[in-house]
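Report on the structure
Here's the letter readout for the chains.
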Amino acid sequence: DKVAVPLMLLWATFNTLDIMATAQIHMYTDGSALGNPGPGGYGIIIELVGKQYFKEYAQGFEYTTNNRMELLAVIVGLETLKKQPMDVVVFSDSKYVIDSVEKKWVFGWKAKNFKGKKNPDLWERFLTIYALHNVRFQWVKGHNDHQPARSPQPCTWVRHVSPPMQPSPSVQSAQPAQSTQSTQS
């Protein structure tokens, strides 16, 4: 049974001229889980600044958490970039992801082998791809109907989709569609 997963991908309500002038890639990410934990998914829009290029990604999972989906959206988005290093601004409403990186918590967690921390499998995967790019994060308020300036279809990005459901990413697996186990955070 498929679940409707809201994929609210974000656009900033603040002045982004300084960010847009220096960044090559804008990445809008969101993740959620109904029931938390429960069925969920993530969505990503990648925009090449100054070009007519958009790429959208989404994937659903049978049993997962909000935090896992928020983090997995950023990971998958960065993993889709073919050239390295790229200058990337990630727009997200996830304080979990943004604060963990911007406040350098995740680097301390790694130094302590993620002892007592949730989602170490995804954080390890994140750190691997994060190291290959120049990434900045911009927090935006969630569920505010903002969209990219060059969105191919205005008003389509706060929408309900039913992506193919996959087993949830497991703590042991770095590949989200290969495990039948689930984790919580």
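These numbers were taken from a predicted model, which means no experiment stands behind them.

Topic: the packing of aromatic side chains
Tallied over the entire structure, the rule returns 8 aromatic pairs. With a centroid separation of 6.1 Å and 45 degrees between ring planes, the pair formed by Phe107 and Tyr130 is classed as tilted. Of the two residues, Phe107 sits in helix H4 (residues 105-111) while Tyr130 sits in helix H5 (residues 120-130), which places them 23 residues apart along the sequence. Aromatic pair Trp123 and Phe126: ring centres 5.6 Å apart, planes at 85 degrees, arrangement edge-to-face. Highlighted residues: Trp123 and Phe126, both in helix H5, separated by 3 residues, approximately one helical turn. Overall, Phe126 belongs to the buried group, its relative accessible area being 0%. An aromatic cluster is defined as three or more aromatic residues linked by ring pairs; in this entry it consists of Tyr96, Phe107, Trp109, Trp123, Phe126, Tyr130 and Phe137. Positioned above the aromatic ring of Trp139, the side-chain terminus of Lys95 is 4.9 Å from the ring centre.

So, the pattern of salt bridges
In the structure shown here, the tally under the stated rule is 4 salt bridges. Arg125 is the partner of Glu79 in a salt bridge, and the nearest nitrogen-oxygen pair spans 2.8 Å. Placement of the pair is Glu79 in helix H2 (residues 66-79) and Arg125 in helix H5, with a sequence separation of 46 residues. For Glu79, a relative accessible area of 36% corresponds to the partly exposed category. The salt bridge partner of Asp99 is Lys103, with a shortest N-O separation of 3.9 Å. Classification of Asp99 as buried rests on a relative accessible area of 15%.

Details of the nonpolar core
In terms of nonpolar packing, the biggest core is built from 32 residues, with Leu78, Phe126 and Phe137 touching the most fellow members. Listed by contribution, the elements that provide at least two residues to this core are strand S2 (25-33), strand S3 (38-48), H2, strand S5 (87-92), helix H3 (95-102), H4, H5 and strand S6 (134-139). With 8 residues, the top contributor of residues to this core is H2. If you look at the next biggest cluster of nonpolar residues, it comprises 6 residues, including Tyr28, Val89, Phe91 and Val140.

Things to note about the confidence of the model for the protein chain
Scored by pLDDT, the protein chain comes out at a mean of 76, with 64% of its residues at no less than 70. Note on residues 150-164: pLDDT under 50 across the span, and 44 contacts to partners over four residues away in sequence or across chains.

Considering the environment of Tyr28
Within the fold, Tyr28 resides in strand S2. By relative accessible area, Tyr28 is classed as buried at 0%. Remark: the alpha-carbon pair of Tyr28 and Gln138, spanning 110 residues in sequence, is separated by 9.7 Å. Within polar-contact distance, the side chain of Tyr28 engages the side chain of Glu47 at 3.1 Å.

Observations concerning H3
Taken as a whole, H3 has its buried residues at Val97, Ile98, Asp99, Ser100 and Val101. Packing partners of the buried residues in H3 comprise H2, S5, H4, H5 and S6. Just downstream of H3 lies Lys104, where phi reads positive at about 65 degrees.

As for the packing of H2 against H5
Geometrically, a packed helix pair is captured by the angle between its two axes and the distance between the axes. The geometry of H2 relative to H5 is characterised by a closest axis approach of 9 Å and an angle of 30 degrees between their N-to-C directions. Classed by the angle they form, the pair H2 and H5 counts as roughly parallel. For the pair H2 and H5, the crossing hand works out as left-handed. Mapping the contact onto sequence places Arg68, Leu71, Leu72, Val74, Ile75, Val76, Leu78 and Glu79 in H2 and Asp121, Leu122, Trp123, Arg125, Phe126, Ile129 and Tyr130 in H5. Its residues placed into classes, the contact of H2 with H5 shows 11 nonpolar, no polar and 4 charged.

Here is what the cut-offs are and how they apply
Residues numbered from 1 in each chain as written. Predicted model: local features only at pLDDT ≥ 70, side-chain atom pairs only at ≥ 80, totals over all residues. Heavy atoms only, no water. Phe/Tyr/Trp six-rings, centres within 6.5 Å; stacked < 30°, edge-to-face > 60°. Helix = DSSP H or I, 4+ residues; strand = E, 2+ residues; numbered from the N terminus. Buried < 20%, exposed > 50% of the residue type's maximum accessible area, 1.4 Å probe, protein only. Lys NZ or Arg CZ within 6 Å of the ring centre and 35° of its normal. Salt bridge = Lys/Arg side-chain N within 4 Å of Asp/Glu carboxyl O. Core = buried A, V, L, I, M, F, W, Y, C linked by side-chain atoms within 4.5 Å. pLDDT = per-residue confidence, 0-100. Contact = heavy atoms within 4.5 Å. Polar contact = N/O pair within 3.5 Å; in protein donor to acceptor, adjacent residues only side chain to side chain. Axes fitted to C-alpha atoms, helices over the stretch in contact; angles between N-to-C directions. Parallel < 35°, antiparallel > 145°, perpendicular 65-115°, else oblique. Left-handed = near helix turned anticlockwise from the far one by under 90°. Nonpolar A, V, L, I, M, F, W, Y, C, P; charged D, E, K, R; others polar.

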